[in-house]
Amino acid sequence: MTTSQSPHETAPVVVTGANRNVGAHMAHRLLDDGFAVIAQYRTPTEVIEDLADRGALLVQGDFADTDSILAVAEAIAAHASRIRALIHNASAFSPTDDDARDAAAQFQMFFEVHMRAPYLLNTRLADRIRAEDGAGDIVHITDIYADNPPPRYDLYCATKAGLQNLATAFAKRLAPEVKVNVVQPGPITFEDWVDADQRAQVLDATPLGRTGSPEDIYGAVRALLDNDYQTGAVVAVDGGRRLGR
């Protein structure tokens, strides 16, 4: 785990999994809107270099085991005596492997990224999460399929459901000092291995008939940060996909 320095002195927003896709977009948009940012990542990318150039603090760390997660928490705490928000965006996604032994390894990895890391970071950093004039925020990014899992993705969905359940527990535990909410993305971007037929099926079952964008997720997160009377909420950003048209 390594850390770079940042010139920001205001309470930062922590974004996990900030090296790609939604997390990268969210980190950049937070900087656009005047927030200081701590960007956690596992694998270096050009996006991470861009965030560093813009003044984000970088914390590199793997969520593969407890010690590495706690090292990430310690690095964040060493930099920030107060944290404006903690956004759990880091995610792993793939269909469940047909081989039981390989599937068990997948299950462990999903658990580490989606549940153990958020639990430990919330627990270790909760006393620092405060807004300047009110409650601070934790946002868990889950998935609409946490509520209605397709069998092919059962392990992924189970741990996303666990992440959602943790949000509810932390919303009770940390109130009133910290608000804890959930954003459920629907079809935002497709992985490269999702073929054209699968993409068409998803879009056909989405009432708005298209994918969303990382900006749509950012808009939902910002709305939660800006609302001082919302905790324990689950906000779907899915073009209606959960309705199963």
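Only a predicted model underlies this, so the values are computations on that prediction, with no experimental measurement involved. (Residues numbered from 1 in each chain as written. Predicted model: local features only at pLDDT ≥ 70, side-chain atom pairs only at ≥ 80, totals over all residues. Heavy atoms only, no water.)

Chemist: Explain the packing of aromatic side chains to me, and be specific about the residues and the numbers.
Modeler: In the structure shown here, the tally under the stated rule is four aromatic pairs. Measuring from centroid to centroid gives 4.8 Å for Phe 93 and Tyr 156, while their planes differ by 80 degrees, and the two rings are edge-to-face. Taken together, the residues span a long stretch of sequence, with Phe 93 in the loop between β5 (85-88) and α4 (100-125) and Tyr 156 in helix α5 (residues 154-174) at a distance of 63 residues. For Tyr 156, a relative accessible area of 5% puts it in the buried group. Plain terms: the ring middles of Tyr 119 and Phe 170 are 5.9 Å apart, the flat faces sit at 50 degrees to each other, and that makes the pair tilted. (Phe/Tyr/Trp six-rings, centres within 6.5 Å; stacked < 30°, edge-to-face > 60°. Helix = DSSP H or I, 4+ residues; strand = E, 2+ residues; numbered from the N terminus. Buried < 20%, exposed > 50% of the residue type's maximum accessible area, 1.4 Å probe, protein only.)

Chemist: Tell me about the side chain of Asp 137, and please be specific about residues and values.
Modeler: With respect to the secondary-structure elements, Asp 137 resides in strand β7 (residues 134-141). Dropping the residues within four chain positions of it, Asp 137 is found in contact with Arg 84, Ala 85, Leu 86, Ile 129, Val 178, Lys 179, Leu 224 and Leu 225. (Contact = heavy atoms within 4.5 Å.)

Chemist: Let's hear about the pattern of salt bridges: which residues, and what values?
Modeler: Enumeration over the complete set of coordinates arrives at ten salt bridges. Between Asp 33 and Arg 29 there is a salt bridge whose closest N-O contact spans 3.5 Å. Salt-bridge contacts for Asp 33 lead to Arg 222; the nearest nitrogen and oxygen are separated by 2.8 Å. Of this pair, Asp 33 sits in the loop between α1 (21-32) and β3 (37-41) while Arg 222 sits in helix α7 (residues 214-226); the two residues are 189 residues apart in sequence, bridging distant segments of the chain. Under the relative-accessibility criterion, Asp 33 is labelled partly exposed at 35%. When its relative accessible area of 19% is taken as the criterion, Arg 222 is described as buried. One salt-bridge network, in which partners are shared between bridges, spans Arg 29, Asp 32, Asp 33, Arg 54, Glu 215, Arg 222 and Asp 226. (Salt bridge = Lys/Arg side-chain N within 4 Å of Asp/Glu carboxyl O.)

Chemist: Describe a negative patch on the surface, and please don't skip the residues or the numbers.
Modeler: Residues Glu 46, Glu 49, Asp 50 and Asp 53 make up a contiguous surface patch of negative charge. For Asp 53, the position within the fold is in helix α2 (residues 46-53). (Patch = residues over 30% accessible without salt bridge, like charges linked within 9 Å, V, L, I, M, F, W, Y side chains within 5 Å. Areas by Shrake-Rupley, 256 points an atom, 1.4 Å probe, with all protein chains shown as cover. Lys, Arg positive; Asp, Glu negative; His and termini not counted. Charge placed at Lys NZ, Arg CZ, Asp CG, Glu CD.)

Chemist: Can you break down the confidence of the model for the protein residue by residue, with the values?
Modeler: Here the protein shows a mean pLDDT of 91. Residues at 70 or above account for 93%. Contacts of residues 5-9 to residues separated by more than four positions or lying in other chains number 14 contacts, the stretch itself having pLDDT below 50. (pLDDT = per-residue confidence, 0-100.)

Chemist: Explain the nonpolar core to me, using residue names and the numbers behind them.
Modeler: Counting residues in each nonpolar core, the largest one holds 32 residues, and the members touching the most others are Phe 63, Ile 76, Leu 121 and Val 180. Every element with two or more residues in this core is listed here: β4 (57-60), α3 (66-79), α4, α5 and β8 (178-185). With seven residues, the top contributor of residues to this core is α3. For Phe 63, the residues in contact, after removing those within four places along its chain, are Thr 16, Gln 40, Ser 68, Ile 69, Val 72, Ala 90, Glu 112, Val 113, Arg 116, Ala 117 and Leu 121. (Core = buried A, V, L, I, M, F, W, Y, C linked by side-chain atoms within 4.5 Å.)

Chemist: Go over the side chain of Arg 84, please, and point to the residues and values.
Modeler: Mapped onto the secondary structure, Arg 84 falls in the loop between α3 and β5. Setting aside residues up to four positions removed in sequence, Arg 84 forms contacts with Ala 11, Pro 12, Val 13, Phe 35, Ile 129, Arg 130, Ala 131, Ala 135, Gly 136, Asp 137 and Leu 225.

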